[in-house]
Amino acid sequence: MDNYMKKAYEMKRDGKWKDARQTIFNAAKISEITRQFLNRFKSAATTYSRGKSIKSINPKDEYWDYMKLASDLYSNGKWADAGAAYFKAGKVAENKLKDFTLAHNWYKSSADCYREILSCSAYESYRKYVEVLLKQRLIKEAIVRSLECGYIIEKEFNDALKSKEFYDLANDLRFKYNYKHICTLTPNFWKKFCDRTLNWRDVEFSEVIKYQRIFNVREEARQFDEETSNIFILIKETCSKCVYIWSIHSKTLLKINDTVTEYTN
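The shown structure was predicted, so the numbers you read here are calculated from the model rather than taken from an experiment. (Residues numbered from 1 in each chain as written. Predicted model: local features only at pLDDT ≥ 70, side-chain atom pairs only at ≥ 80, totals over all residues. Heavy atoms only, no water.)

K.L.:
Help me understand the overall build of the chain in this model?
P.N.:
Within the chain, the regular secondary structure consists of 12 helices and 0 strands. Every one of the 265 residues in the chain was classed for burial, and the buried ones make up 33%. Restricting to contacts in the chain with at least 6 residues of sequence separation, those with at least 24 account for 57%. When the accessible surface of the chain is split by element, carbon and sulfur atoms take 54% of a total near 16,700 Å². (Helix = DSSP H or I, 4+ residues; strand = E, 2+ residues; numbered from the N terminus. Buried < 20%, exposed > 50% of the residue type's maximum accessible area, 1.4 Å probe, protein only. Contact = heavy atoms within 4.5 Å. Areas by Shrake-Rupley, 256 points an atom, 1.4 Å probe, with all protein chains shown as cover.)

Set out below in structure tokens:
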């Protein structure tokens, strides 16, 4: 800008008024273009830092930009912004890279971030997570994850209406693909598990026997989990009614494992 003005001044001094005016006009035009560019750059940089929009010519670069941003935000505990960045990474992976495995992973990560702060945005991330599983034709896993997401939305977010959408989707898929439900956690199984878990501290037994009893409970529970870990079996055994019992069983097993570890140490 200064060079243009200096040149225009010299033209005016030499009596070249027309050329001087044109030079000043060009200088003003370039100055305005520069100002607009800087404003756009500043806006883009600000938006980038908030994880709302990253524009990149190459989809792979765009994907990695979002991933780096999401990782940084996650490390700093900025759950809402990290959730947004993971969601955008999933969107790029789904729509531009056509990598559905990456997409469903990052939609799930997005939901987990929102879950940390009980943000209602988790709902959309969970929905996209299940939708991409269906795109991959992973019907069995989509059924199980729908139930899982429905349970989280119901119990942690206290939203029975939205959780019902996930439960209904799982039931519709099970009906459509003829996956029949057989509940393994029957009342008899649950009663036996609870009795053995609650009675292991009986004062009549020595510490060695107590340890052996709780150890046996844990090993039986582990064996049960291994036998039912197959995704096809989970479809048969899990529904919107018994998913809550599954959750209690898993949490109880974790506590039992901690108890066994204490005895071992």
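K.L.:
Help me understand the side chain of Ser125 in this model?
P.N.:
In this fold, Ser125 is placed in helix H6 (residues 122-135). With relative accessibility at 1%, the residue Ser125 sits in the buried group. Discounting chain neighbours no more than four positions away, the residues touching Ser125 are Phe87, Tyr107, Ser110, Ala111 and Tyr114.

K.L.:
Looking at this structure, I do not really get helix H7 (residues 139-155). What am I missing?
P.N.:
Along an α-helix, residues three or four positions apart point the same way, because every turn accommodates 3.6 residues. Over its 17 residues, H7 extends 24 Å from the first C-alpha to the last, a length consistent with the 24 Å expected when each residue adds 1.5 Å. Taken together, the buried positions of H7 are occupied by Ile139, Ala142, Ile143, Val144, Ser146, Leu147, Cys149, Gly150, Tyr151, Ile152 and Ile153. (Expected span 1.5 Å × (residues − 1).)

K.L.:
Is there a simple way to think about the packing of aromatic side chains in this case?
P.N.:
Centre distance and the angle of the planes are the two values used to describe a pair of aromatic rings. Tallied over the full model, the rule gives 6 aromatic pairs. Considering the side-chain rings of Tyr74 and Trp79, the 5.2 Å spacing of their centres and the 85° angle between planes classify their relative orientation as edge-to-face. Residue classification places Tyr74 among the partly exposed residues on the basis of a relative accessible area of 44%. With relative accessibility at 24%, the residue Trp79 sits in the partly exposed group. Ring geometry for Phe87 against Tyr107: centres 5.1 Å apart, planes inclined by 55°, an arrangement best described as tilted. Of this pair, Phe87 sits in helix H4 (residues 79-95) while Tyr107 sits in helix H5 (residues 100-116), and the two are 20 residues apart along the sequence. By relative accessible area, which is 18% here, Phe87 ends up buried. Of the residues examined, Tyr107 reaches a relative accessible area of 0% and is grouped as buried. The residue whose ring lies beneath Lys162 is Tyr123, and the NZ or CZ to ring-centre distance is 4.7 Å. (Phe/Tyr/Trp six-rings, centres within 6.5 Å; stacked < 30°, edge-to-face > 60°. Lys NZ or Arg CZ within 6 Å of the ring centre and 35° of its normal.)

K.L.:
I would appreciate a short explanation of the confidence of the model for the chain in the present structure.
P.N.:
Where the model shows low pLDDT, its predicted coordinates should not be examined in detail. Of the residues in the chain, 57% have a pLDDT of 70 or more, and the chain-wide mean is 76. When the elements of the chain are averaged for pLDDT, helix H11 (residues 231-237) gives the smallest value, 47, and H6 the largest, 97. Taken as a whole, residues 229-233 scores under 50 in pLDDT and shows 9 contacts with residues more than four places along the chain or in a different chain. (pLDDT = per-residue confidence, 0-100.)

K.L.:
Would you take a moment to explain the nonpolar core for this structure?
P.N.:
One recurring pattern in soluble globular proteins is that nonpolar side chains are buried together. Counting 40 residues, the largest nonpolar core has Tyr126 and Phe166 as the members making the most contacts within it. Elements with a contribution of two residues or more to this core: helix H3 (59-75), H4, H5, H6, H7 and helix H8 (160-176). Each residue touching Phe166, except ones within four places of it in the same chain, is listed here: Tyr123, Tyr126, Arg127, Val130, Ser146, Cys149, Gly150 and Ile153. (Core = buried A, V, L, I, M, F, W, Y, C linked by side-chain atoms within 4.5 Å.)

K.L.:
Help me understand unusual backbone geometry in this model?
P.N.:
Of all residues except glycine, most have a negative phi; of all peptide bonds, most are trans. Within the chain, Lys98 stands out as a residue other than glycine whose phi angle is a positive 55°. Tracing the backbone shows Lys98 in the loop between H4 and H5. For Lys98, a relative accessible area of 55% translates into the label exposed. Although it is not a glycine, Leu118 adopts a positive phi angle of roughly 55°.

K.L.:
So what exactly am I meant to see when it comes to the packing of H3 against H4 here?
P.N.:
With their axes 8 Å apart at the nearest point, H3 and H4 run at an angle of 160° to one another. Regarding the angle of H3 to H4, the classification is roughly antiparallel. For the pair H3 and H4, the crossing hand works out as left-handed. Together, Pro59, Glu62, Tyr63, Tyr66, Met67, Leu69, Ala70, Ser71, Leu73 and Tyr74 of H3 and Trp79, Asp81, Ala82, Ala85, Tyr86, Lys88, Ala89, Val92 and Ala93 of H4 make up the contact between the two elements. (Axes fitted to C-alpha atoms, helices over the stretch in contact; angles between N-to-C directions. Parallel < 35°, antiparallel > 145°, perpendicular 65-115°, else oblique. Left-handed = near helix turned anticlockwise from the far one by under 90°.)

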